[in-house]
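# Structural overview for review
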Amino acid sequence: MLRGNHLLPITSPTLSSLKQSLFPTLTLLSSRRLSTFASLQTFIPNTHKPNSLLHLHSRSLKRVPPPMASRFPCPKASFSGGSSSEGEREILVQHLLVKEDDLKLLLELQRRISQGEDISDLAVEYSICPSKQEGGMLGWVRKGQMVPEFEEAAFGSPLNKVVRCKTKFGWHLLQVLSEREESSLQEIQPDDFHMKMQDPNFLEEAQLIDVREPEEVSQASLPGFQVFPLRQFGSWGPDITSKIDPQKDTYVMCHHGIRSLQVAKWLQTQGFRRIFNLSGGIHAYATKFQKSLFNI
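As a convention, each chain's residues are numbered from 1 in the sequence order in which they are written. At least 70 in pLDDT is required for a residue's local features to be given in this predicted model, at least 80 for side-chain atom pairs to be given and counted, and no such filter applies to totals for whole chains, interfaces and linings, which use all residues. Only heavy atoms go into the side-chain values, all of them from the structure, while hydrogens and water stay out.

### Topic: the overall build of the protein
On a plain count of helices and strands, the protein comes out with 11 helices and nine strands. The classification of residues rests on relative accessible area computed with a 1.4 Å probe and restricted to protein chains. Under 20% of the type maximum is buried, over 50% is exposed, and intermediate values are partly exposed. A total of 296 residues make up the protein; the buried ones form 54% of that total. Between two residues, a contact is recorded if the distance between any of their heavy atoms is within 4.5 Å. Looking at the protein alone, contacts between residues at least 24 apart form 72% of all its contacts between residues at least 6 apart. With an accessible surface of roughly 13700 Å², the protein has 49% of that area assigned to carbon and sulfur atoms. Secondary structure follows DSSP: runs of H or I at least 4 residues long count as helices, runs of E at least 2 residues long count as strands, and numbering of each begins at the N terminus. Per-residue and other accessible areas follow the Shrake-Rupley method at a 1.4 Å probe size, with only the shown protein chains counted as cover for residues.

Written as structure tokens, this is what we have:
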């Protein structure tokens, strides 16, 4: 189910011009990138510089897909420094794209789909979008990530129905495969986290992740944290949802809060519903509450 190969950078003007932002990557302390699975391919208006290329990382971290979506790329994880709104809908979308003057081809493909052919197979053969390499899969997207015409068609479409729409990039056939409530990612301040740690039920109701390296943990640690060293991502990343529960509140910590934020954003793409990044990391927490225990 997992794809461990590295994709080459996508340099198509069509896709690159649609990118609004880069998918977060997990960077090792040695400045090497982690091995990855794929990058987001979503129709996103470029709000920074008209018609410019916003290059994708060639090794951006892909969400580990559910069984029904073994080839899905991932969306950029959203982040809020305060309370994050919940209840917004995300949809899982696949599509194919043909040129504006290829309406005849589009209608023929739509006919073939209605007769039972798979849109993903046709995307591989006919789509001009680089997502064809993933069977036309765009991954989980939310409102505000796509050009208006595509967004209106996608969010107004019933599940599994193939619909047609036109954007400035050409004609699309798209299909919404699933939907879910949007996850939230928040920063939690050391004071607030300390208050939670005083609650005897907190360690049972939440799950705590420390992404520092073993040598760091041996020098300073907090009770209740499971250690998932970032440098060892390859050993735990692909199976993360079998190791910790995506439905439980998840708190992530590192030394200063930078590495943990990267992991927190990635966890969001894995379907974790509520994620909290400890602001300032264990350093900020120890400075306020446990100076005698830490030499950091």
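On we go from here.
### As for the pattern of salt bridges
Side chains bearing opposite charge may pair, as long as their charged atoms lie close to each other. Salt bridges, as used here, are contacts in which a Lys or Arg side-chain nitrogen is within 4 Å of a carboxyl oxygen on Asp or Glu. Under the definition given, this model contains 10 salt bridges. Ionic pairing is found between Glu100 and Lys166, a salt bridge with its closest N-O pair at 2.8 Å. Here Glu100 is found in the loop between β1 (89–98) and α2 (103–114), whereas its partner Lys166 is found in strand β3 (residues 162–167), with 66 residues between them in sequence. A residue is classified by how much of its surface remains accessible, and Lys166, at 37% relative accessible area, is partly exposed. For the salt bridge of Asp210 with Arg212, the shortest nitrogen-to-oxygen distance reads 2.7 Å. Owing to a relative accessible area of 1%, Arg212 belongs among the buried residues under this scheme. Where salt bridges share partners, they join Glu90, Arg142 and Arg180 into one cluster.

### Some points on the sheet that holds β1
Whether two strands pair comes down to DSSP finding at least two bridges between them. Pairing within the open sheet is antiparallel, and its four strands lie in the order β2-β1-β4-β3. The open sheet has two edge strands with one neighbour each: β2 (137–142) and β3. With direction set aside, neighbouring strand axes in the sheet form an average angle of 40 degrees. Pairing analysis gives 10 bridges linking β1 to strand β4 (residues 170–181), with the strands arranged antiparallel. Looking across to β4, one finds that Arg89 is bridged to Glu181. To get an axis, fit a line to the C-alpha atoms, keeping to the stretch in contact for a helix; angles then go from 0 to 180 degrees between the N-to-C directions. Across the sheet, helix α3 (residues 119–126) lies against β1, β3 and β4, angled at about 45 degrees from β1, the strand it touches most.

### A short note on the confidence of the model for the protein
Low pLDDT marks stretches whose predicted atomic positions should not be read closely. As a per-residue measure, pLDDT reflects the predictor's confidence and takes values from 0 up to 100. Averaged over all residues, the pLDDT of the protein is 75; the fraction at 70 or higher stands at 69%. In the model, residues 1–86 has pLDDT below 50 throughout and makes 229 contacts with residues more than four positions away in sequence or in other chains.

### Some remarks on the pairing of β2
Among the six residues in β2, six count as buried, and that is most of the element. Looking at chain direction, β1 and β2 are connected through five bridges and run antiparallel. Within the sheet, the bridge partner assigned to Val93 lies in β2 and is Gly139.

### Brief notes about α2
Expected helix span is given by 1.5 Å per residue-to-residue step, counting one fewer step than there are residues. In a regular helix each residue adds 1.5 Å, so 12 residues correspond to 16 Å; α2 covers 16 Å between its end C-alpha atoms and thus fits that length. All of the buried residues along α2 are Leu106, Leu109, Arg112 and Ile113. Here the buried residues of α2 occupy an arc of 125 degrees about the axis, which is enough to place them on one side. In α2, those exposed residues whose orientation departs by more than 90 degrees from the buried face are Lys104 and Ser114. On its buried face, α2 is in contact with β1, α3, β3 and β4. Among the residues trailing α2, Gly116 stands out with phi positive, at a value near 115 degrees. What the arc describes is the spread of directions from the helix axis to the C-beta atoms.

### Describing the packing of aromatic side chains
Each pair of aromatic rings taken from Phe, Tyr and Trp, with Trp reduced to its six-membered ring, is defined by centres within 6.5 Å and is described as stacked if the planes are under 30 degrees apart, edge-to-face if over 60, and tilted in the remaining cases. One pass over the structure, following the stated rule, counts 11 aromatic pairs. One aromatic cluster in this structure is built from Phe193, Phe202, Phe225, Tyr251, Phe276, Tyr285 and Phe289. We call a charge positioned over a ring when the NZ of a Lys or the CZ of an Arg lies within 6 Å of the ring centre and within 35 degrees of the ring normal. The ring centre of Trp140 lies 4.1 Å from the NZ or CZ of Arg180, which sits over that ring.

### Describing the nonpolar core
In terms of nonpolar packing, the biggest core is built from 18 residues, with Trp236, Ile240, Val252, Val263, Leu267 and Ile275 touching the most fellow members. No other element matches the five residues that helix α10 (residues 258–269) contributes to this core. Once residues lying within four places of it in the same chain are set aside, the contact partners of Val252 are Ile209, Val211, Ser260, Val263, Ala264, Leu267, Ile275, Phe276, Asn277 and Leu278. Residues grouped as a nonpolar core are buried Ala, Val, Leu, Ile, Met, Phe, Trp, Tyr and Cys residues, joined through side-chain atoms within 4.5 Å. Leu97, Cys129, Ala153 and Cys165 belong to the second largest nonpolar core, which has 17 residues in total.

### What about the packing of α2 against α3?
Relative orientation and spacing of two packed helices are given, respectively, by the angle between their axes and the distance between those axes. Packing of α2 against α3 leaves a shortest axis separation of 10 Å and a crossing angle of 150 degrees. Relative to α3, the element α2 is oriented roughly antiparallel. The handedness of the crossing between α2 and α3 is right-handed. On α3, the residues touching Leu105, Leu109, Arg112 and Ile113 of α2 are Ile119, Leu122 and Tyr126. The nonpolar class holds Ala, Val, Leu, Ile, Met, Phe, Trp, Tyr, Cys and Pro. Asp, Glu, Lys and Arg form the charged class, and all remaining residues, Gly among them, are polar. When grouped by side-chain class, the residues that make up the contact of α2 with α3 number six nonpolar, no polar and one charged. Any angle that is under 35 degrees is reported as roughly parallel, and any over 145 degrees as roughly antiparallel; angles of 65 to 115 degrees are reported as roughly perpendicular and all others as oblique. When the near helix sits turned anticlockwise from the far one by under a right angle, the crossing is termed left-handed; a clockwise turn instead gives a right-handed crossing.

### Quick notes on the side chain of Gln145
Of note, Gln145 is situated in the loop between β2 and α4 (148–155). For Gln145, a relative accessible area of 9% translates into the label buried. Here a polar contact is recorded for every N or O atom pair within 3.5 Å, except that within protein the pair must consist of a potential hydrogen donor and a potential acceptor, and residues adjacent in sequence are included only if both atoms are side-chain atoms. Among the polar contacts made by the side chain of Gln145, one reaches the main-chain amide nitrogen of Arg142 at a distance of 2.8 Å.

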